[in-house]
Structure formats: C-alpha cells, structure tokens
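# Coordinate analysis (summary)
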Amino acid sequence: MKVLKFGGTSTGSPERIKDVKKIIESQQQGCVVVVSAFNGVTDELKRLFDQACRHNGEYMTGLNDLKAKHIDFARQLIDEKKHTAVFDTVDDVFSGLDTSLRSVFSGKAGNTPELLDTVVAAGEILSSSIISHYIDNCKLVDARNIIKTDSNFGCAEVDFAATNELIAKNVPCAKVTLLPGFIASDHNGRTTTLGRGGSDYTAAIIAAAISATALEIWTDVDGFMTADPKKVERAYSIKSLTYGEAIELSHFGAKVIYTPSLRPVYRKNIPVRVLNTFNPSLGGSVISSMPADDNRSPIKGISSIDSIDLITLQGTCMVGVTGTSMRLFSALARQAINVVLITQASSEYSITFAVTPEDSGKAVSAINEEFKKETGRNELHVHVENDLSIIAIVGEKMKNTPGISATLFSALGRNGISVIATAQGSSELNISVVIRQKSLNRAMNAIHDSFFLSRYIEMHLFVAGYGVVGSSLLKQLNDQAAALLEDCNLKINLMGITNSRKMVIDKKGIPLEHCSERLNMSDDNSDLDLFISQMAELNLRNSIFVDCTANGAVASKYADILSKYVSVVTANKIACSSSFDYYQHLKTIASEKGVRFIYETTVGAGLPVIKTINDLALSGDRILRIEAVLSGTINFIFNEIGPSMPLSEAIKKAREKGYSEPDPRIDLSGTDVVRKILILSREAGYRLEFGDVEIKKFLPEECFEGSLADFFGKVKEYDVEFEEKRKQLESSNLKWRFFATLDNGKAKVELLTIGPTHPAYNLEGSSNIISLTTTRYRELPMVIKGYGAGDEVTAAGVFADLMRVVNV
C-alpha cells in the first residue's frame, strides 16, 4: 500500500482537486491519502487570529469570506445529494472558529499557542472533509485520533509508540483512506500541530507505521531540482538522491519536502517519490538508500537559505576553557533558538553560528545573560552580521573526491563574491558557505555553472553609446546570436543600453532586434551613474560594460565599473591615453577583481595590434621601435584628395562615412594619433604621458579655433595649396602619410613623404599599417596591415573582444 500526500497548491482550486482525483483513481491498489488545507487557508486563518488578538473586528469579514470559499468548493465538486452532510461539517467547523475568535477578540481568551493550533487546524479538517466526500469509496479518518504528541503546541513532538499502535488499529485497508495532514492531538485530546510543512510529516508517519511500499509527495514542482529554478534558470530535476542528500538539501532551503518527514521513512527504508500534480507523467525525484547513479557531477544539488544572521563569540576567555560551547548552545536551546550552521576556529578563540533574523535578538540576549561575567570583564565580545545568506552544496559523491572545495571557492572568487564563513562536516556530504545576501543569485548561478554542465554560457551586456559603432555592434550580435548559441554554446543577453539622451535597463533582457525601439521609447533620461548602479544591482555573472563612445565622462567610470566585478570592453581611447597612473590603475583593478579590461579596438579598429604586442612581451621579446600609420581617417583623406576632390571635401567625406570622429578636428589635429601611439608605447613597456609625444600638425593652428563650421570655412582656404603640393609629390612618385613613431622611448606624430619602397606607400583607403621592430624582429620588422577605421570594422573588433572575455 502506498501513501500519497497532496499539498495546498495541488488542492488550490476545484479544477486542481479534479486532477488529484484522477491520480488517486489511477492507483492499482488501496492507498492512504493525506491532504493539506486548501492553498492559502492556513495563512489566512493565522491572519484572522492575529486580527482578533488585536481586537480588529475585520476578522469577521475574512471569516465569512473563508466560509464562502469552502462552500463554493463543495458545490463545484460534490454531488448535490451529499451537500447536506458536507455543509453541516462546514457549518460546525466555522461555528467553532467563530467561538474561538470571538473569545480572543473580546479578551475572554488569551493569545495562546494552544488556541492558535485549534484555529489553524480547521483548514485541514475542512479540506479533508470536502475531498473525502468527492472521492469515491473513500474512508475519512481524523488524524487527531491516531497521531499522538506532547503538548508543545505549534510544533509538537510525536509519541511514536502510541501513534504506531493507534494507526495499526484505526487505518483500514480501504480502497482510499483519507486523513487531514498537519494536525494531531496530545494525550489529553487537545488539538496540536506538527509544524509548518507538517502534512508531509503526517504522511511519513503513516507510511512508516503501515510499512508502505512507497510515500509519494505530490506538489507543484518536478521533484528536487539541482537548484531553486527561481534563482537558477537552468536548474533541472534530480532523478534520484539519498535520504541524506534530501535531508541536507531540505535543511538548507529546498522547500520541496519538510525535513522531519524523511526521518520515519528513512528508518523503515521506504522510498519517497516527489511528483508534480500538474505534470504527473514525469518521473519526479526518488529518495532512497540506494539511488541510481544518474549524475556525473560530484554534487547532487545546491540549496540556499536566503536570509540569516551570523553571530560570533570572540574572546580570550574561550581559549582552553572546557564547556564554553555547551554553555552557549544550552543557552540558545532554552530559548528554542534553532542554529542553522556552526563553525569554530581551531584556536578556540571564536565560535560563529547562524540563526534566522527572527531569532537573532533573542540569541544575543541569551548569550549576554549566560556570559554576563565574561562580557562584564571585557573578555568576550559578541558580533552580529546581518543581510547574509547560506549556500550549501550537497552530494554523497563528494566524499573522498578531491577538488570540490577548490571548484566551489574558485566559482565564487571569479565572480567577485566573498565568503564570510564556511562549514563542512567530516562526512563530506555538505559544504556550506555564508555570503552577502545581495550576491545570492549570482553565486547560485556561478556555482551551478561550475558543477553542472550547462548547455550554454550566458553573457550579459550593458552598452554605452548607440552611434555608428554601437548600433553596428548590436546588429552584428543579433545577426550572429543563433550561430553563437548553436556553435559556441554562448547566449547573448543585452541587459542595458544608454546614449547621450536616454537609457534603458531591463532585468529580463532587451531583444537585440528591438533595442533601438526600446531605447527610443524609454522614459528614463540618460544618467550614467544610475545606469552603472542599476547594472551593479542586477549582479549578473559574465557582466560586460561595452563603451562605444568617445566620451571622457564614460571613460572616467571604468575604475568604478571594474571594482564592481564587471568586465570592460572599450573602443574609447581616452582612459588608456589619460594619465599613466590611471591607465595602470585600471589594469590593476581588473587583475585584482578577476575581470577583463580589453581595449584592442582603441588602436587599429579590428586589427590585432595590442594583443600582438602583449604576446611578444609575454614571450620575452622587447619592442624597440614602432612606426605606424594609425589614422584611417587621415590616410583616407590623403588617398582621396585630387583634382576633383579638394582637401575640405575629402574631410567631409571621411566624416560622412564614419571614418572620422564626429568632430574631425580631433583626427586632423593629431590628437587621435597621439592617443594611439601613447597606448601602444605603454603596452610596449614605456611610461609615457600625453605631453611627452611630439606633435607636428599639417594644418595651421588657426584652423582648430572656433566652431566646427569655422573649421570647414578655414580649411577650404588651403584646398589650392594642398592640391599644388600633391601634384608636386605625384610628379616625384611620392605620397603623404601621417606617421606615429616610437623610437628609443620617444614618440612623435608628423606628416611625412614616402616613396614606392616604403611598406605604407600603397596603403589604400582608411587602412592602417604598424611596423614593429623588436629584439627578435630587428632585421625584418613585423608588419600588421588592414582596415583601421569604419563603424563595421570597429564594431567587429569590439565583437571579437567580447568573445575573448568569455574565451569563445
């Protein structure tokens, strides 16, 4: 015979109760069914009791509504011929509730645990009566007549000797025997309850007493999961686990089954199946002493307690003193305080334990009372930390398996999550860590990804700048999203985007194909500090801030972003070409926080220049000289000018094609090239500042004064002069190239004329060329050549940098 338990969600509506009936009727043999109160009823009864205690007459309205709900359930489910019997039971129960609550409301009865148990027990009495009349060939047994407990109202201890004897005598071998869960009675016949989740416990007590073939817990989930699916989207159901694993997971927050429920069935070696009422065809989870080995991971699951306080006793009076721990935990036990986790320093200088926030104040008071002499002599200090969570990884296969702790702490460390306390028993069944509550979701996902083979890696992007580069990047990402998921197991999640006017952040993600509309329709004005703050609050693993601007204000925020354990990928040259100390500070923060700071596209757009220099340095080579054409804009301009394309028009064309900065004076003044050679010099190991780079401009200083319109007016005056010089160069088979050079630790930028033998002579369009002379490439320098400007090329370079962050 099996025992089936159906929780409140399974009986939450008449339609769901019809599904329950189908499950019961599908049983091949007689069964015992245990039911909870209808969904939300127990909480509502507690609320009404609280209102009555506070002399709030509104409890009467709530009581009437609750009665109407049960009458409605009965009308929808039960044949009209049985209505009288059912309605009589409902009337009797609510009459008793009315009497109890009136006595509390009037002050005749006090707010006692005994009276509260009497009130909340009504939920199971009502549900079991209604369902027993709905199920055919069903025998209703009042659990209070067969489960005996002590008088600890609210969480009574079961007298198993008396209970087992009564069950043997009073649970018939009927087709269906139905009992209310949660409720029992003491030896004086007074109603008691078995604690929250007690219906599971009722079912387990019955199963053990009748030596059931199995206990089935029917709920609203597909069994035990590898993690809470509300926190870890890719969690999946566990097919089988041991009693020990189930107890540990339940103790540390897995709400699938009430932890004490496993003890009676564990002693009798009765398998427990956790099944989904709304998806009964699934196999669910099986808890037994010998589960199938269906999991390649050394851990079976991850669970968490979302909110705990950590209390630490610390002082010299504890060192070498026998009985300190006994005094501490005895004091806590006297106040009925449940200790969730314990850890102690081997020096005996401190003891740390975790309790619920509700118990924290009582615990401190109990400690201060027990150790008042020691605290009075300043020999003992009590410290409380709030807003913490516990994560536990659980698995029988962890025993004697090396590297479990390393994997756990590495996953947390890589994601910038500090461990405040840790505990592990000698059985190696569980490793628990205490972390900041704000990091819980991120930690759960990081650990899950490390121990369970996820189908894909997720990248969370926050993009600043939606101009030509930013929009091109997001289009490329959208075009490649399906291929990245299929071929690289990489899922791109755009979480936020901001430009100079508006911003949008959505924790559910922003569809790449609709990002432009979402940004334009946003009601939020652009606020960079708020954008970064909200990004940090989401606390997502593999978060990357992508800077597609040329904005100094954005670049100034990199240190703050990196310190929040968010990687930075940027095409913005300003940060790396600002002061050397800031440049070095950013690299140091990234290294310390274990995140990436990648800026390949700041020089050469998509060309692999910085990575090449880094690789040479790592291999022990040294950069002696850099000679480079680094401005695709200027190279394009000098390749375009001719009889029909004067200098001023070539500049406008470069701006229209997106080769130049929005203000082309930044390019033509040499500022952009100075920034680039400065970055390359620093990557090559030279400590240079912006002012150390010599600049020889090819346009007079007066061209750069005034507005952008003034600039185009002034530069037009030099169209004829530049055309004459160009003709002279052409007649001599020479060309202009704007070079940046690093030689002997000194850098300069200038316009030079070169002949056909120079590698840069045939440099077309907006291309760049970089020649690296090193100790190994002294005779024949290494040359990197290709497109060095343009929104699509730069966006493609940023795209490649994003792949480097997640090592795709």
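Residues numbered from 1 in each chain as written. Predicted model: local features only at pLDDT ≥ 70, side-chain atom pairs only at ≥ 80, totals over all residues. Heavy atoms only, no water.

## Things to note about the overall build of the protein
Stated precisely, the cut-off is as follows: Numbering of helices and strands runs from the N terminus; a helix is a DSSP stretch of H or I covering at least four residues, while a strand is a stretch of E covering at least two. For the radius of gyration, the atoms used are the C-alpha atoms, and the globule rule reads 2.2 Å times the number of residues raised to 0.38. The contact definition used throughout considers only heavy atoms, calling two residues in contact when any of these lie within 4.5 Å.
Tallying secondary structure elements over the protein gives 29 helices and 29 strands in all. By the compact-globule yardstick of 28 Å for 808 residues, the protein is too spread out, its C-alpha radius of gyration being 36 Å. In terms of principal-axis extent, the alpha carbons of the protein reach across some 115 × 70 × 55 Å. The long-range fraction of contacts in the protein, counting pairs at least 24 apart against all pairs at least 6 apart in sequence, stands at 73%.

## A short note on the packing of aromatic side chains
Spelled out, the test is: A pair of aromatic rings is counted whenever rings of Phe, Tyr or Trp (Trp by its six-membered ring) have centres within 6.5 Å, and the orientation is called stacked for planes under 30 degrees apart, edge-to-face for over 60 and tilted otherwise. Relative accessibility decides the category of a residue: with a 1.4 Å probe and only protein chains considered, values under 20% of the type maximum give buried, values over 50% give exposed, and everything between is partly exposed. Should the NZ of a Lys or the CZ of an Arg lie within 6 Å of a ring centre and within 35 degrees of the ring normal, that charge is described as sitting over the ring.
If you walk through the whole model with that rule in mind, you get 20 aromatic pairs. Relative to Phe-452, the ring of Tyr-236 has its centre 5.9 Å away and its plane inclined at 85 degrees; by these criteria the two rings are edge-to-face. Within this pair, whereas Tyr-236 is found in the loop between strand S8 (214–219) and strand S9 (240–242), its partner Phe-452 is found in the loop between helix H15 (440–451) and strand S18 (457–464), the two being separated by 216 residues in sequence. Tyr-236 sits in the partly exposed class, given a relative accessible area of 37%. A relative accessible area of 2% means that Phe-452 is categorised as buried. Ring centres of Tyr-243 and Tyr-266 lie 5.2 Å apart, and the angle between their planes is 70 degrees; on these two criteria the pair is classed as edge-to-face. In this pair, Tyr-243 sits in helix H9 (residues 243–251) while Tyr-266 sits in helix H10 (residues 262–268), placing the two residues 23 residues apart along the sequence. Ring-pair connections join several aromatic residues into one group, and the members of that group are Phe-638, Phe-698, Phe-722, Trp-736 and Phe-738. Sitting over the ring of Phe-712, Lys-652 keeps its end group 5.5 Å from the ring centre.

## Quick notes on the side chain of Asn-493
With respect to the helices and strands, the residue Asn-493 is situated in strand S19 (residues 490–498). The class of Asn-493 is buried, set by a relative accessible area of 10%. Beyond its immediate stretch of four places on either side in the chain, Asn-493 contacts Glu-458, Met-459, His-460 and Leu-461.

## Things to note about the side chain of Asp-621
What counts here: Residues scored as positive are Lys and Arg, those scored as negative are Asp and Glu, and His as well as the terminal groups of each chain are ignored. Whenever a carboxyl oxygen of Asp or Glu lies within 4 Å of a side-chain nitrogen of Lys or Arg, that contact is scored as a salt bridge. Polar contact criterion, stated in full: a pair of N or O atoms within 3.5 Å, where within protein one must be able to donate a hydrogen and the other to accept it, and residues adjacent in sequence count only if both atoms are side-chain atoms.
On the secondary structure map, Asp-621 appears in the loop between helix H22 (609–618) and strand S24 (623–629). At 4.4 Å, Arg-776 is the nearest oppositely charged side chain to Asp-621, a buried residue that forms no salt bridge. Within the local environment of Asp-621, its side chain forms a polar contact with the side chain of Thr-774, the two groups lying 2.8 Å apart. If near-sequence neighbours (up to four positions away) are discounted, Asp-621 is found in contact with Leu-616, Thr-774, Thr-775, Arg-776 and Tyr-777.

## Overview of helix H18 (residues 528–538)
Since the α-helix advances by 3.6 residues per turn, residues separated by three or four positions end up pointing in the same direction. We apply this condition: The arc in question is the one spanned by the directions pointing from the helix axis to the C-beta atoms.
Burial in H18 covers these residues: Leu-528, Phe-531, Ile-532 and Met-535. Buried residues of H18, viewed axially, fall in a sector of 95 degrees; they line one side. If you follow the buried residues of H18, they end up packed against S18, S19, strand S20 (503–505), strand S21 (543–547), helix H19 (552–555) and helix H20 (558–563). Structurally, the start of H18 carries an N-cap: the backbone nitrogen of Asp-529 is 3.2 Å from a side-chain oxygen of Asp-527. A positive phi of about 55 degrees marks Asn-539, the residue just after H18.

## Concerning the state of the cysteines
Stated formally: Defined by distance alone, a disulfide is two cysteine sulfur atoms within 2.5 Å.
For the coordinates displayed, the defined rule picks out 0 disulfides. Note on Cys-31: no disulfide assigned, nearest cysteine sulfur contributed by Cys-138 at a separation of 8.6 Å. Relative accessible area serves as the criterion here: at 1%, Cys-31 is assigned to the buried category.

## Quick word on the nonpolar core
Applicable threshold: Take the buried residues of types Ala, Val, Leu, Ile, Met, Phe, Trp, Tyr and Cys, join any two whose side-chain atoms come within 4.5 Å, and each joined set is a nonpolar core.
Formed by 103 residues in total, the largest nonpolar core has its most connected members in Val-3, Leu-215, Phe-224, Ile-287 and Ile-390. Ranked by residue count, the leading element in this core is helix H4 (residues 83–106), at 8 residues. Those residues within four positions of Leu-215 in sequence are excluded, and the remaining contacts are Val-3, Ala-203, Ala-204, Ala-207, Val-265, Ile-270, Pro-271, Val-272 and Arg-273. In terms of nonpolar packing, the next biggest core, distinct from the first, is built from 79 residues, Leu-647, Tyr-686, Leu-729 and Trp-736 among them.

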